[in-house]
Amino acid sequence: MTDKKSNAMWGGRFAAGPDAIMEAINASIGFDKRLASQDIAGSRAHALMLAQQGIITDSDAQAIREGLLTVLSEIEAGEFVFSTALEDIHMNVESRLKEIIGEPAGRLHTARSRNDQVATDFKLWTRDQMDAAVSGLEALIRALMAQAEKGADWVMPGFTHLQTAQPVTWGHHMMAYVEMFGRDMSRFKDARARMNESPLGSAALAGTGFPIDRHMTAEALGFDRPTANSLDAVADRDFGLEFLSCASITAMHLSRFAEELVIWSSAQFRFVALSDRFSTGSSIMPQKKNPDAAELIRAKVGRIFGANVALMMVMKGLPLAYSKDMQEDKEQVFDAADNLMLALAAMTGMVSDMNANTDNLRAAAASGFSTATDLADWLVREAGLPFRDAHHVTGALVAMAEKKGCDLPDLSLEEMTSVHEAITEGVYNVLTVENSVASRTSYGGTAPSQVRAQIARWKEVLG
């Protein structure tokens, strides 16, 4: 039931509460109740500081802090009745606090405003989500590393333009995504470090004349320091935008991998088998096993990047300091965070469960003249040809094999020397896919030795 009572917290300026339309457009409690624990943590820190500074009495501070814990327990137990007439989480909490402890509750809002209060709450919530994203990414990275370690020697085709290019190892392909998601993890960590300044005490926009200690509340809430400019502190939503930006890039990486899993699990490729836990059947075609989890992950980037664009549009035209437009900042971040964590968990599950079809991977790696570059390199090393000439000779041999309907290793030495007389029997040593990948020992290359070295490096990074 919606509470219809007039909002007395606006004070004497307004004689009556807003009508139904204004109440509906103005209220944010439907979504910002998710900030309850952060709001109460900020208020408890603020009350303690006010008492230490002699702004309120110790007894009032104690009553406020204990009353706030009661409110929190009611919310966590699902017993709290939220009121749209009270607009937001801040007023809902303060109103209930007054019912519990009476007159001391009115002293809690001394030396602060809803402007710095909501900025603090939202920062605390976003910081928690950044930590959760880092944890989720680390779990996914560990799952990828386990796959890479298992298949460091497995040969598979490497693609450019989705055309067979050169053989690579399964481990190398898995570790490519480790690098991607590792960058995502570092972006969240960087953004967290940058946003970890407390807005609390900035008040409405100009600071306060009360002798508050902003360093005390910042430390109590786990911030590195208080913000240095009160105008900026209440106007800033960069932390939300950075979270959405990091989330968008992560979702894009998840989408790219999801696309590969969709392709790899198809009947035409059969590179991997996804577990039944992350697949569905067809209502009409009994043979189907659809990679629905991968497809839904692939779609998440649209939703998450859409949230990024939406918040950017909300913020782009706002003068300093606070405008009511900024009430539209949270739903996008909430939704993006929920969907990012769901996508990370689903991808981690799929990677952990998936089984590679090594025979199909190897057969595909050996097709499509995938060792042509190895042949060209051999002509440079062993026959002394300039690379451009070696490229031309290799192209002619590929055309010959294509005409015969065979692959490069199936050409006879006589056929090869008819294209260039410097070719010897030794060329066949580089034309197997196993020898091809083993030769790619440059730092960061696909050779199993390099894959294992990168796995060891990442194990050290993650600890």
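About the cut-offs
Residues numbered from 1 in each chain as written. Predicted model: local features only at pLDDT ≥ 70, side-chain atom pairs only at ≥ 80, totals over all residues. Heavy atoms only, no water. UniProt positions renumbered as here; feature names shortened; annotations may be inferred. Helix = DSSP H or I, 4+ residues; strand = E, 2+ residues; numbered from the N terminus. Rg over C-alpha atoms; globule rule 2.2 N^0.38 Å. Buried < 20%, exposed > 50% of the residue type's maximum accessible area, 1.4 Å probe, protein only. Areas by Shrake-Rupley, 256 points an atom, 1.4 Å probe, with all protein chains shown as cover. Lys, Arg positive; Asp, Glu negative; His and termini not counted. Charge placed at Lys NZ, Arg CZ, Asp CG, Glu CD. Expected span 1.5 Å × (residues − 1). Core = buried A, V, L, I, M, F, W, Y, C linked by side-chain atoms within 4.5 Å. Contact = heavy atoms within 4.5 Å. Phe/Tyr/Trp six-rings, centres within 6.5 Å; stacked < 30°, edge-to-face > 60°. Lys NZ or Arg CZ within 6 Å of the ring centre and 35° of its normal. Domains from an automatic or database assignment. Pairing = 2+ DSSP bridges. pLDDT = per-residue confidence, 0-100. Patch = residues over 30% accessible without salt bridge, like charges linked within 9 Å, V, L, I, M, F, W, Y side chains within 5 Å. Salt bridge = Lys/Arg side-chain N within 4 Å of Asp/Glu carboxyl O.

Looking at an unreviewed UniProt entry, one finds the protein named Argininosuccinate lyase, with Celeribacter baekdonensis as its source organism. UniProt lists a comment for the protein under the heading Subcellular location (unreviewed entry), and it reads "Cytoplasm". As stated in UniProt under Sequence similarities (unreviewed entry), the record for the protein gives "Belongs to the lyase 1 family. Argininosuccinate lyase subfamily."

A. Local environment of the overall build of the protein. When helices and strands are counted, the protein shows 18 helices and six strands. Since a compact globule built from 463 residues should have a radius of gyration of about 23 Å, the 31 Å found for the protein marks it as more spread out than a globular shape. Dimensions of the protein, computed from the C-alpha atoms along their principal axes, are close to 100 × 55 × 40 Å. Across the 463 residues in the protein, those meeting the buried criterion constitute 50%. Of the roughly 21400 Å² of accessible surface on the protein, 53% is carried by carbon and sulfur atoms. Positive and negative side-chain charges of the protein, numbering 44 and 60 respectively, have mean locations separated by a distance of 2 Å.

B. Spotlight on helix 10 (residues 238–264). Here helix 10 contains 27 residues, and its C-alpha end-to-end distance of 39 Å stays within 8% of the 39 Å for a straight helix at 1.5 Å per residue. Burial runs high along helix 10: 20 of the 27 residues are buried.

C. Structural detail: the nonpolar core. Judged by nonpolar contacts, the single largest core of 98 residues is most densely connected at Phe188, Phe257, Trp264 and Met347. Here Met347 is in contact with Leu140, Leu254, Phe257, Ala258, Leu261 and Ile297, once residues within four sequence places are set aside. Listed in part, the 21 residues of the second largest apolar core include Ala376, Leu408, Val430 and Leu431.

D. Just the packing of aromatic side chains, in detail. Enumeration over the complete set of coordinates arrives at twelve aromatic pairs. Relative to Phe82, the ring of Phe80 lies with its centre 4.7 Å away and its plane at 50°, an arrangement referred to as tilted. By relative accessible area, Phe80 is classed as buried at 10%. Pairwise contacts between aromatic rings join Trp154, Phe159, Trp170, Trp264, Phe269 and Phe271 into one cluster. The ring of Phe334 has Arg34 lying over it, and the distance from NZ or CZ to the ring centre is 4.9 Å.

E. Expanded view of the UniProt feature "domain: Argininosuccinate lyase C-terminal" (unreviewed entry) in the protein. UniProt's feature table lists "domain: Argininosuccinate lyase C-terminal" (unreviewed entry) at residues 369–438, given in the numbering used throughout. End C-alpha to end C-alpha, residues 369–438 measures 17 Å, and it is 59% helix and 0% strand.

F. Looking closely at the domain arrangement of the protein. In terms of domain boundaries, the protein breaks down into domain 1 (20–107), domain 2 (114–363) and domain 3 (367–462). Between domain 1 and domain 3, the C-alpha centre-to-centre distance is 69 Å.

G. Spatial organisation of the pairing of strand 2 (residues 163–169). Here strand 1 (residues 155–160) pairs with strand 2 via six bridges, running antiparallel. For Phe159, the partnering residue across the bridge sits in strand 2 and is Thr164. Between the antiparallel neighbours strand 1 and strand 2 lie two residues, among them His161 with a positive phi of about 60°.

H. Summary view of the confidence of the model for the protein. Mean pLDDT over the protein works out to 91, with 94% of the residues at or above the 70 mark. Taken together, the stretch residues 1–6 has pLDDT below 50 and engages in ten contacts with residues farther than four places along the chain or on a different chain.

I. Expanded view of a nonpolar patch on the surface. A cluster of nonpolar residues, Phe305, Val309, Met312 and Met313, forms a patch on the protein surface that exposes about 370 Å² of accessible area. For Val309, the location among the structural elements is in helix 11 (residues 292–315). Judged by relative accessible area, which is 37%, Val309 ranks as partly exposed.

J. Inspection of the environment of Ser37 at higher detail. The topology assignment puts Ser37 in helix 3 (residues 36–52). Given a relative accessible area of 38%, Ser37 falls into the partly exposed group. Sequence separation between Ser37 and Asn435 is 398 residues; the distance between their C-alpha atoms is 59 Å.

K. Representation of unusual backbone geometry in the model. In this chain, Leu320 is followed by Ala321 through a cis amide linkage whose omega measures 10°. Among the structural elements, Ala321 can be located in the loop between helix 11 and helix 12 (330–353). Not every positive phi belongs to a glycine, and Glu87 is a case in point at roughly 70°. Following the sequence through the fold, Glu87 ends up in the loop between helix 4 (58–76) and helix 5 (89–101).

L. The pattern of salt bridges, seen in detail. Evaluation of the coordinates by the stated rule reveals 25 salt bridges. As a salt-bridge pair, Arg114 and Asp88 come within 2.7 Å of each other at their nearest N and O atoms. Note that Arg114 is positioned in helix 6 (residues 114–150) and Asp88 in the loop between helix 4 and helix 5, a separation of 26 residues in sequence. Arg114 sits in the partly exposed class, given a relative accessible area of 25%. Among the ionic pairs, Glu434 bridges to Arg362, the shortest N-O distance being 2.8 Å. Linking Glu434 in helix 17 (residues 433–439) with Arg362 in helix 13 (residues 358–366), this pair joins segments that are 72 residues apart in sequence. The class of Glu434 is partly exposed, set by a relative accessible area of 34%. Through salt bridges with shared partners, a single ionic network connects Glu87, Asp88, Arg114 and Lys324.

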